[in-house]
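The lines below spell out each chain.
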Amino acid sequence: MTQRRLAEVAAKVGVSEATVSRVLNGKPGVSDATRSAVLTALDVLGYERPTQLRGERARLVGLVLPELQNPIFPAFADVVGNALAQRGFTPVLCTRTAGGVTEAEYLELLLEQHVSGIVFAGGLYAQKDASHGHYQQMMSRKLPAVLVNAAIDDLAFPRVSCDDAVAVEQAYGHLTSLGHKRIGAVLGPPDHVPSQRKLEALTKCGGADVEHAMFSLEGGQAAATKLVQRGVTAIICASDPLALGAIRAVRRAGLDVPKDVSIIGYDDSAFMTCTDPPLTTVRQPIEAMGRAAVELLANQISGNAVAPDELLFEPELVVRASSAPVR
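Residues numbered from 1 in each chain as written. Predicted model: local features only at pLDDT ≥ 70, side-chain atom pairs only at ≥ 80, totals over all residues. Heavy atoms only, no water.

Under the counting rule described, the total for this entry stands at two aromatic pairs. A centroid spacing of 5.5 Å and a plane angle of 70° characterise the contact between Phe-120 and Tyr-135, whose relative ring orientation is edge-to-face. You can see Phe-120 sitting in strand S3 (residues 117–121) and its partner Tyr-135 sitting in helix H7 (residues 133–141), a full 15 residues away along the chain. Tyr-135 shares its class with Phe-120; the two are buried. Aromatic pair Tyr-125 and Tyr-135: ring centres 5.9 Å apart, planes at 70°, arrangement edge-to-face. (Phe/Tyr/Trp six-rings, centres within 6.5 Å; stacked < 30°, edge-to-face > 60°. Helix = DSSP H or I, 4+ residues; strand = E, 2+ residues; numbered from the N terminus. Buried < 20%, exposed > 50% of the residue type's maximum accessible area, 1.4 Å probe, protein only.)

Below is the structure:
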């Protein structure tokens, strides 16, 4: 390795060139943590590992998703995968499942594959009560990463988010313009940062009858059933699957959507035009968000300084047939 590249790797890790040289030559006297950080820096900067340290390696980027049942995540994976391929990277898709491989375990697997960086969407960083030790590990190794959608405050990664407050303002304003006053909301778990932002925005807009739920159709149905029993005439939901569950709850109560209860979703994921009725929802601009996430990651991989800031993208209200004037 040339002296310039040796210096570049040393600067990336924050160690001396002599330490990098010892790692590359397989010599003792270097801690495991430093050795791992040097090897990660080689992968990130696109330099070949020495033959004895190499193993199979491509320009791999991890894409870690919470699930694939919500159509918004496969759509996001499609955008990110295409944007990565255009830059010469190969995406490695990792999906968390109940009782399956955890996010921290996926991180270990990706590090073993010598990935150049990772894009996380809907990860544990959005849950205040979850374990965040694996993110600290990434920060200590200086592994490039981008978080998609709102995160807890103390993680120094660049973030790409849809503006939850604006999404609520658009939905709430639409319902009040239709005459609704008894407005309910189905949000994610109480420690979920995007849901906390939506709750703050609901309070500023005038308040709502709020139920928290797991992000699933069944969770939406259970929460909306309680809201319907309490007499709301409209429900704002924190995802499209939650909204579909809310529609089911209204019908199970012998009522009609939208004549008796209006429903608004969030995401505008695939097939929401094909539901009965077609769903009014707030669209996340996933094309723009996905491409921005890849650009931020590619800049980090190239060694450019990227501030750990949050880029907020504007959502768009899409009015269909699940919302109507209050009776």
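The next point concerns the domain arrangement of the protein chain. What the domain assignment lists for the protein chain is domain 1 (3–53), domain 2 (60–162 + 286–314) and domain 3 (164–284). Centre-to-centre separation of domain 1 and domain 2, based on C-alpha positions: 24 Å. Counting residues at the interface gives eight residues for domain 1, matched by ten residues for domain 2. When the buried surface of domain 1 facing domain 2 is broken down by residue, Lys-12, Thr-40 and Val-44 rank first, second and third, together holding 53% of it. Between domain 1 and domain 2 we count zero salt bridges in total. At the surface where domain 1 touches domain 2, the tally comes to three residue pairs in polar contact (both at pLDDT 80 or more). Of all elements in the fold, only helix H1 (3–13) and helix H3 (32–45) reach the threshold of two or more residues within the side of domain 1 that touches domain 2. The element contributing the most residues to the side of domain 1 that touches domain 2 is H3, with five residues. (Domains from an automatic or database assignment. Contact = heavy atoms within 4.5 Å. Buried area = accessible area lost by both parts, 1.4 Å probe. Salt bridge = Lys/Arg side-chain N within 4 Å of Asp/Glu carboxyl O. Polar contact = N/O pair within 3.5 Å; in protein donor to acceptor, adjacent residues only side chain to side chain.)

What follows concerns the pairing of strand S9 (residues 262–267). Most of S9 is tucked away, with six of its six residues classed as buried. With three bridges connecting them, strand S8 (residues 234–237) and S9 associate as parallel partners. Within S9, the position partnered with Ile-235 by the bridge is Ile-263. Each parallel crossover has a hand, and the one from S8 via helix H11 (residues 240–252) to S9 is right-handed. Taken together, the four bridges between S9 and strand S10 (residues 280–283) define a ladder with parallel strand orientation. Directly across from Ile-264, in S10, lies its bridge partner Thr-280. (Pairing = 2+ DSSP bridges. Right-handed = clockwise from strand over helix to strand, strands pointing away.)

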